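What follows is each chain in one-letter form.
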Amino acid sequence: MNLKFEALILFALVLITSGCLGPSDGETESQGDQALEVVDMSVQPSEIYAGSSSTANLHIRNSGELPATLNINSEGGQYADRVLTNRCRDIFSISDFQVSGPGGVTGESEYELQERNEVRFTWVLENINTDRVPLNGYSCNLKFQVPFDYSVTAYRQLQFKESRQIEGTPDLESQSSAGPMTFRIETIGSTAESSSTFLKGDQAEIAIYMVNQGDQGTDYTGFIEADFPEIEASGFELSEDNCGETEETITMYNGESERIRCTVDSSVFDDLDSSLRGEIEASTDYTYVQNIGDQTVEGEYRGN
């Protein structure tokens, strides 16, 4: 993945600077969340007549804890069609479009937004109805979204022991990097006192949850579109089913999660000498699409 290396570096820096390298035997600990601030979203004028125009403005700021990549155009698209997702093409054409990113950079399709960086959009919407507006008029709901591209990575340390009497290692960590999506890595089938430890004879499995951390009922609704994660095990092998890998995009709305179940190959216990340390890591790229609202433009009847 093209963002994985950068994500791993960022992940390491977050862990070091936050001091969150202590032991964790419970749920995977996430290292933070994200936030988007809408500085301005407006349409002027909001009432127009036949043949006139209106200007839509959007000014956003990345007020989160980590960088985000903003891709504003779909493949073959223009005028930031991933941001202004509905502009009533049967009513308006775009006669002018401006976008300004960090440092005043303009005209790009992709912007790297560090914390507190801002992007400003301006669309001039020309009413293509040069004849009279109908007596009852018409309205257009301009819809705005912000699609941020992120990467996330997580790991969980595991232990395999011959028996309960083996002392082993008590301090096993589990962490996930920051962002609107996190991984939660759990174990299934452990009969040891610690859930991160498997004993010989256990039917060892690992559940990896992809979690949209957005809460229901927040100011902005949103959804996540993610690739199936890359899953790597060290110190042991996973079964040959590749954890049910699929090429389909995984979509999760606020508060939703997707579970991936992996089976640990029993060969880890074959020549086990007392105890063995291992680790499971998951990483993926994803897009967090935040619906930030709409603005209405009314077409008014001018009269004779």
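Heads up: the structure comes first, above all this text.
So, how was this worked out
Residues numbered from 1 in each chain as written. Predicted model: local features only at pLDDT ≥ 70, side-chain atom pairs only at ≥ 80, totals over all residues. Heavy atoms only, no water. 1 Å grid on protein atoms, 1.4 Å probe; cavity = no way out; pocket = protein on both sides within 12 Å on 5 of 7 lines; lining within 4 Å. Points joined across faces, edges and corners; volume = space filled by probe spheres on them. Nonpolar A, V, L, I, M, F, W, Y, C, P; charged D, E, K, R; others polar. Buried < 20%, exposed > 50% of the residue type's maximum accessible area, 1.4 Å probe, protein only. Helix = DSSP H or I, 4+ residues; strand = E, 2+ residues; numbered from the N terminus. Pairing = 2+ DSSP bridges. Salt bridge = Lys/Arg side-chain N within 4 Å of Asp/Glu carboxyl O.

## Overview of empty space enclosed by the protein
Counted according to the given criterion, the structure contains two cavities of 30 Å³ or more. A volume near 40 Å³ is recorded for the second largest cavity. For the second largest cavity, the full set of lining residues is Gln78, Tyr79, Ala80, Asp81, Leu84, Arg87, Arg89, Ile94 and Trp123. Classifying every residue of the lining of the second largest cavity gives five nonpolar, one polar and three charged.

## A short note on the pairing of strand 10 (residues 138–161)
Burial analysis of strand 10 places 21 of its 24 residues in the buried class, the great majority of the element. Judged from the two bridges that link them, strand 5 (residues 68–71) and strand 10 form a sheet pairing that is antiparallel. Among the inter-strand pairings, Thr69 is bridged to a residue of strand 10, identified as Asp149. One ladder, built from two bridges, connects strand 6 (residues 84–86) with strand 10; its direction is antiparallel. Each bridged residue has a counterpart across the sheet, and for Leu84 the counterpart in strand 10 is Phe144. Alignment of strand 10 against strand 19 (residues 275–299), held across 24 bridges, turns out to be antiparallel. Residue pairing in the sheet places Val146 in a bridge with Gln290 of strand 19.

## Concerning the pattern of salt bridges
This structure, assessed with the given rule, holds five salt bridges. Arg61 is the salt-bridge partner of Glu37, the closest N and O atoms lying 2.9 Å from each other. Residue Glu37 is found in strand 2 (residues 36–44), and its partner Arg61 is found in strand 4 (residues 53–62); the two are separated by 24 residues along the sequence. Take Glu37: its relative accessible area is 31%, and that puts it in the partly exposed class. We note a salt bridge from Arg120 to Glu118, for which the minimum N-O separation is 3.2 Å. For Arg120, a relative accessible area of 42% corresponds to the partly exposed category. Within the structure, one salt-bridge network assembled from shared partners comprises Glu37, Arg61, Glu118 and Arg120.

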